[in-house]
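Letter by letter, the chains look like this.
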Amino acid sequence: MTLSNGKVAIIGAGPSGLAAAKSALEEGLEPVLFEQIGHLGGQWNQGAPHSGVWAAMHTNTSAINTRFSDFPHKVGISLFPHHQEILQYLESYANHFNLLPYLRLHTRINNVARGPKGQYIVWSVNERQEQRAELFQHVIVASGRYNKPRYASLPGLAEFGGRVLHSFHYRNSADFAGQRVLVVGNSISGLEIASELGQNPTVRVLSSCRKPRYILRKQLYGRPTDCVAFTRAAVYTSRALAPAQVAEDLKQVILSTCGNPADFGAPRPHESLLQAGISMNDQYLDLAKQGRISARGGVAYFTADSVVFQDGQAEPIDAVILATGFDVNLPFLSQDIRDTLQAGTDHIDLYHHTFHPCLPNLAFIGMFPQTGPYFPVVELQARWITACWSGARPLPGREQMEAGLAEFRSFKQRRYETTLHEMATQLAADAGVAPSLERYPELARELLFGPLTPAQFRLEGHGALPGALADYLQCLEQIGSYAGLPLAEPQYQQLQQLLEALPQETTLHLLSKELETQAEPAL
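Quick notes on the rules
- Note that residues are indexed from 1 along each chain, following the sequence as it is written.
- Per-residue local features are limited, in this predicted model, to residues with pLDDT of at least 70; the limit for side-chain atom pairs, both in listing and counting, is 80 or more; totals at the level of whole chains, interfaces and linings are taken over all residues.
- To get the side-chain values, all heavy atoms of the structure are used, and hydrogens and water are removed first.
- Strands were regarded as paired on the criterion that DSSP finds at least two bridges between them.
- Secondary structure is summarised from DSSP: a helix means a run of H or I of at least four residues, a strand means a run of E of at least two, and numbering begins at the N terminus for each.
- To obtain each axis, a line is fitted to C-alpha atoms, and for helices this fit is confined to the stretch in contact; angles are then taken between N-to-C directions over 0 to 180 degrees.
- The contact criterion used throughout is that any non-hydrogen atoms of two residues lie within 4.5 Å.
- Classification of ring pairs uses Phe, Tyr and Trp, with its six-membered ring standing for Trp, and accepts pairs whose centres are within 6.5 Å; under 30 degrees between planes counts as stacked, over 60 as edge-to-face, and the remaining range as tilted.
- Relative accessibility thresholds used throughout: buried, under 20% of the residue-type maximum; exposed, over 50%; partly exposed, between the two (1.4 Å probe, protein chains only).
- Criterion for a charge above a ring: Lys NZ or Arg CZ within 6 Å of the ring centre, and within 35 degrees of the ring normal.

### Here we look at the sheet that holds strand 17 (residues 314-316)
- On the basis of which strands lie adjacent, the open sheet formed by three strands has the order 15-16-17 and antiparallel pairing. For this open sheet the edge positions go to strand 15 (299-302) and strand 17, each flanked by a neighbour on one side alone. Averaged over all adjacent pairs, the angle separating strand axes in this sheet is 25 degrees, with direction ignored.
- Pairing geometry for strand 15 and strand 16 (residues 306-309), over three bridges, is antiparallel. Within the sheet, the bridge partner assigned to Tyr301 lies in strand 16 and is Val308.

Written out as structure tokens, the structure is:
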């Protein structure tokens, strides 16, 4: 067994793994970045066995949120980039920060187990089938959350004679030319695939959902939805109001800007947004209204050549695409580690989705379901982990982690997914990099109501950079938002509501005072 003392094993060279390797180098740690295929990029490397990207796929998150904190996109990138643009960005990131010398391509991890003195034994095999066992001081699991398709168990599907595939294996609409295709599921991928198929005039598209959702478009009020919905104000609102009230307010925003799916010929969602849930797509509702997509309810059962829906209607079909989600996939962890994590198909038990009190020197990045962009969050996780291991930040104590785990277990009983604003604000506080009003009073409005674009997490704290402010302001300008503007009336009303509901939140009161100062006319 090779001793790699002091080195950090990082499993996976997608966005999470690359951010972890770069952060490790910043902290004076030496990463060893394992990638099972011959190229970096993770999910963004179309054609890789662990990638579910299809040919025409674009991000559903904006460019200013689909990036890292200290590496802007090239000028002219699409507002919602094509997947090849994201892969090129990751390649440029790895080259710019000199990560390639630390990358072991064509190297699969077979097992990770506890070793002596809080270390871990990592067994790997390379493309020549040569096996190797190494002892690492630290291990980061960054292997991705969405690479093991979950196949729904639907009555009669095994007897259906047509083609059945998971959305993970969908590549383009031309593969279904002249066919009648049923897409099962109305998550984002389900809506996107149904919409792409619906724009092919030779394809007859049926879209089935067990639980109709409200559907957002990718832009609200002329800005990317992820820049409007995911803010610090949203965090405070979730603390101030009951979940049902937060959901009702959001539902009214969706109805006023995007409409009710029932108005477009799709099934009507439950009156409670908490019961219905939310999805996102720009074309789906319009295509449903045009008749290009036939939006239906849940599937009752399949026959050899047709589907029967729960309302009793039957339709002949040639193919079924299952957009039915993904399972957590960590086959390389020892059974002992999996048991400690209480690893299931939907979750693993972790403190702030990162550490476990009984597994020192082991950390996880991006292994949670989230609504909103992942890039800001996985980078914050990487910075927090490596800062703790270098001694630049205090590692949470065992009691603190145990309390956090109890809170997480309660959370997962109520909700499946977290959100960008919840994760980014929590992890920024953990890493000590949240920008403060005291230092940047002129950003008061944007710090509360503006997007959580990652550039702001380099303004201060550990890892602050001198060019971060200019980068952050440029991000705001890209979406037509400018620091120092007065509050709009709805924002003012929301702030007053938050002040009344959260009198103990000193940051809110500082923000309010600063915004009042900015609004005063010059003498």
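### Points about the sheet that holds strand 8 (residues 180-184)
- Strand order in the open sheet formed by five strands is 7-18-8-9-14, with parallel pairing between adjacent strands. The sheet is open, and its two borders are formed by strand 7 (163-166) and strand 14 (293-296), each paired with just one other strand. Averaged over neighbouring strand pairs, the angle between their axes works out to 20 degrees when direction is ignored.
- The pairing of strand 8 with strand 18 (residues 319-322) spans four bridges and is classified as parallel. Across the sheet, the residue bridging to Val181 is Ala319, located in strand 18.
- Against the sheet, helix 3 (residues 188-198) makes contact with strand 8, strand 9 (204-208), strand 14 and strand 18, and its axis sits at roughly 165 degrees relative to strand 8, the strand it touches most.

### So, the packing of aromatic side chains
- For the structure shown, the criterion picks out 18 aromatic pairs.
- Where Trp54 meets Tyr170, the ring centres are 5.9 Å apart and the plane angle is 75 degrees; that geometry is what we call edge-to-face. Here Tyr170 lies in the loop between strand 7 and strand 8 and Trp54 lies in the loop between strand 2 (30-34) and helix 2 (83-96), a separation of 116 residues in the sequence. Accessibility classification places Trp54 together with Tyr170 in one group, the buried group.
- On the numbers, 5.0 Å between centres and 80 degrees between planes, the contact of Phe355 with Trp384 is edge-to-face. A residue pair is termed long-range when its members are at least 10 positions apart, and Phe355 in the loop between helix 9 (335-341) and strand 19 (362-364) and Trp384 in helix 10 (residues 375-390) qualify at 29 residues.
- When its relative accessible area of 3% is taken as the criterion, Phe355 is described as buried.
- Here a set of aromatic residues connected by ring pairs shows up, and it is made of Phe68, Phe71, Tyr89, Tyr93, Phe97 and Phe375.
- The ring of Phe97 has Lys22 sitting right over it, with the charged end atom 4.5 Å from the ring centre.
- One Lys or Arg, Arg145, reaches over the ring of Tyr146 and ends 5.5 Å from the middle of that ring.

The analysis is restricted to geometry; functional conclusions fall outside its scope.
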